[in-house]
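# Coordinate inspection notes
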Protein chains: 2
Amino acid sequence: MKSRVVPGRGATWPGVPVREYKDRPELFRDVTRRVLLGGGAPGAAEGDGLDFELRYFEVAPGGHSTLEHHRHPHAVVVITGRGEVRLGAERHEIEPFDAVYVAPGETHQFLASRGERLGFLCVVDRERDRPVPLAGGDEET
Amino acid sequence: MKSRVVPGRGATWPGVPVREYKDRPELFRDVTRRVLLGGGAPGAAEGDGLDFELRYFEVAPGGHSTLEHHRHPHAVVVITGRGEVRLGAERHEIEPFDAVYVAPGETHQFLASRGERLGFLCVVDRERDRPVPLAGGDEET
């Protein structure tokens, strides 16, 4: 494992592949993911020896992540744009520097619902369960 | 464990205590730390069930962290200001969105050496060894 700087320029990282998903509007829309450090990151050997993975997600204006729950918690920090997060029955406006803790089992969704993209770091335990999507994740519903 | 938003405003988090250190200029200077999520964070029960801790460090202009090494790796993302990081014999300029991986055992130091504060998120495994400081950490030496 070797130390490295992963250069970022305005919430893009030239050396890091962007994983785009084919939209499934009933579940998610206009979401990309980059693994910056940890398992699956470019240059990472043995998951960088970390017990977690550091990812960057970006939701384009009007898009949203899947409404879902899982047993593993999320640690999130917004670093660009603005939007909202659903946490159970609550909905909170979020913007840069806001941190979000998603507790185990909490139904949650990130929405770029305020006319801008929403970009956030999301850290998860390396060992984690698979998310369970819920119907009704579209923000229009 | 309960989900929550930790509101941030321009790299301050009103609900999160700032841990300031009395300077030991031979080791570090003008460094503050906040634990945003995970063990020790305000509102965190049982370390939020995370295998890691999410902290924010800020180095005031001209300041620097301790030159040190330890077995646990660091995952860092710069979110405000600019500065430099030492990684072994190398020195890299860093600014917002740059991610830094500090490998196990690597001697490293963060320096606000470019006329601005340097603020970065730093994620570490919850279980980790104690850092070993090195002499010569002052940027003037």
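This section reports on the structure supplied with the text. (Residues numbered from 1 in each chain as written. Chains lettered and ligands numbered in written order. Predicted model: local features only at pLDDT ≥ 70, side-chain atom pairs only at ≥ 80, totals over all residues. Heavy atoms only, no water.)

On to the relation of the copies chain A and chain B. In screw terms, the move from chain A to chain B is a rotation of 180° and a rise of 0.0 Å along the axis, fitting with an RMSD of 0.0 Å. Between the two chains, the operation in question is that of a two-fold axis. Mapped onto chain B, 100% of the interface residues of chain A are again interface residues, and the two copies thus contact each other with one and the same surface. (Least-squares fit on C-alpha atoms with pLDDT ≥ 70 in both. Contact = heavy atoms within 4.5 Å.)

In this structure the tally under the stated criterion is nine aromatic pairs over all chains. Look at A:Trp13 and A:Tyr56: their rings are 4.8 Å apart centre to centre, the planes differ by 55°, and that puts the pair in the tilted class. Of this pair, A:Trp13 sits in the loop between strand E1 (4-6) and strand E2 (19-20) while A:Tyr56 is found in strand E4 (residues 52-64), placing the two residues 43 residues apart along the sequence. On the accessibility criterion, A:Tyr56 (0% relative accessible area) is buried. Ring geometry for B:Phe110 and B:Phe120: centres 4.4 Å apart, planes at 25°, overall stacked. Here the residue B:Phe110 occupies a position in strand E10 (residues 108-111), and B:Phe120 occupies one in strand E11 (residues 118-125), the gap between them amounting to 10 residues. For the pair B:Phe110 and B:Phe120, one class covers both residues: buried. Following the ring pairs from residue to residue traces out a cluster consisting of A:Trp13, A:Tyr56 and B:Phe97. (Phe/Tyr/Trp six-rings, centres within 6.5 Å; stacked < 30°, edge-to-face > 60°. Helix = DSSP H or I, 4+ residues; strand = E, 2+ residues; numbered from the N terminus. Buried < 20%, exposed > 50% of the residue type's maximum accessible area, 1.4 Å probe, protein only.)

The next thing to look at is the pattern of salt bridges. Note on pairing: side chains with opposite charge can pair once their charged atoms come close. Applying the stated criterion across every chain yields a total of 18 salt bridges over all chains. Of the charged contacts, one joins A:Glu53 and A:Arg128 as a salt bridge, the two residues approaching to 3.3 Å between their closest N and O atoms. Of this pair, A:Glu53 sits in strand E4 while A:Arg128 sits in the loop between strand E11 (118-125) and strand E12 (132-133); the two residues are 75 residues apart in sequence, bridging distant segments of the chain. Across the pair B:Glu116 and B:Arg82 runs a salt bridge, and its minimum N-O distance is 3.4 Å. With B:Glu116 in the loop between E10 and E11 and B:Arg82 in the loop between strand E6 (74-81) and strand E7 (83-87), this pair connects stretches of sequence that are 34 residues apart. Residue class for B:Glu116 comes out partly exposed when judged on its relative accessible area of 34%. Taken together, the salt bridges that share partners define one network made up of A:Glu93, A:Glu95 and A:Arg114. (Salt bridge = Lys/Arg side-chain N within 4 Å of Asp/Glu carboxyl O.)

Glancing now at the interface of chain A and chain B. Contact residues are listed per partner, giving 43 residues for chain A and 44 residues for chain B. Summing the contributions of chain A and of chain B, the shared interface buries around 3500 Å²; its carbon and sulfur component is 66%. Summed over the shared surface of chain A and chain B, the result is two salt bridges. The tally of links from chain A across to chain B stands at 18 residue pairs in polar contact (both at pLDDT 80 or more). (Buried area = accessible area lost by both parts, 1.4 Å probe. Polar contact = N/O pair within 3.5 Å; in protein donor to acceptor, adjacent residues only side chain to side chain.)

Residue and element names in this part refer to chain A. Phi is positive for alanine 11, which is not a glycine, with a value near 65°. You can see alanine 11 is positioned in the loop between E1 and E2. With relative accessibility at 1%, the residue alanine 11 sits in the buried group.

Residue and element names in this part refer to chain A. Across five bridges, strand E7 (residues 83-87) lies against strand E8 (residues 90-94) in antiparallel orientation. Within E8, the position partnered with glutamate 84 by the bridge is glutamate 93. Connecting E7 to the next strand, E8, in antiparallel fashion are two residues, including glycine 88 with a positive phi near 60°. (Pairing = 2+ DSSP bridges.)

Interpretation note: all reported values are geometric properties and have no functional meaning in isolation.
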